[in-house]
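If you want the building blocks of each chain, they are given just below.
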Amino acid sequence: YIRLQSGFTVTWVGASITPVANSWTNRTWTFPVTFTAVPTIIMTADTSAETVQNASYANPATTSCQLGIVRSNTTSTGFSAVAIGWS
């Protein structure tokens with residue numbers, strides 16, 4: 001992560017999820033710093049496969065969020081996410 005002197009912070013993660021077919025499968029991302037408010041989160045699946053139906057986050061908080069995908073099969077899928085805010 002990067003934290004500027006002003007407190008503006010950017011954190012990122014890259015990992016993979018082995019999904020349950022046709023079901024939202026997630027993992028918890030615990031941020032390396034605590035934000036002062038819920039950060040802006042951007043997530044994408046690292047694949048162009050048509051079997052990825054959705055890549056999204058849920059339950060954002062100042063310390064963590066859930067990152068997940070929906071895929072029509074159980075192929076492990078890489079993803080990237082960024083959280084931006086103040087810490």
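Anything mentioned here points back to the structure above.
Residues numbered from 1 in each chain as written. Predicted model: local features only at pLDDT ≥ 70, side-chain atom pairs only at ≥ 80, totals over all residues. Heavy atoms only, no water.

1. What about the sheet that holds strand β3 (residues 25–30)?
The sheet built from three strands is open, its strands ordered β3-β6-β5 with antiparallel pairing. Each edge of the open sheet is held by one strand with a lone partner, namely β3 and β5 (52–58). Looking at each pair of strands side by side, their axes are set apart by 20° on average, direction ignored. Note that β3 and strand β6 (residues 64–71) share six bridges and pair antiparallel. Its bridge partner lying in β6, T28 is registered against Q66. (Pairing = 2+ DSSP bridges. Helix = DSSP H or I, 4+ residues; strand = E, 2+ residues; numbered from the N terminus. Axes fitted to C-alpha atoms, helices over the stretch in contact; angles between N-to-C directions.)

2. Observations concerning the pairing of strand β7 (residues 77–86)
Alternating residues of β7 divide into T77, F79, A81, A83 and G85, all buried, and G78, S80, V82, I84 and W86, none buried. Note that strand β2 (residues 8–17) and β7 share ten bridges and pair antiparallel. By the bridge assignment for β7, V13 is matched with A81. With six bridges connecting them, strand β4 (residues 40–45) and β7 associate as antiparallel partners. Across the sheet, the residue bridging to T40 is I84, located in β7. (Buried < 20%, exposed > 50% of the residue type's maximum accessible area, 1.4 Å probe, protein only.)

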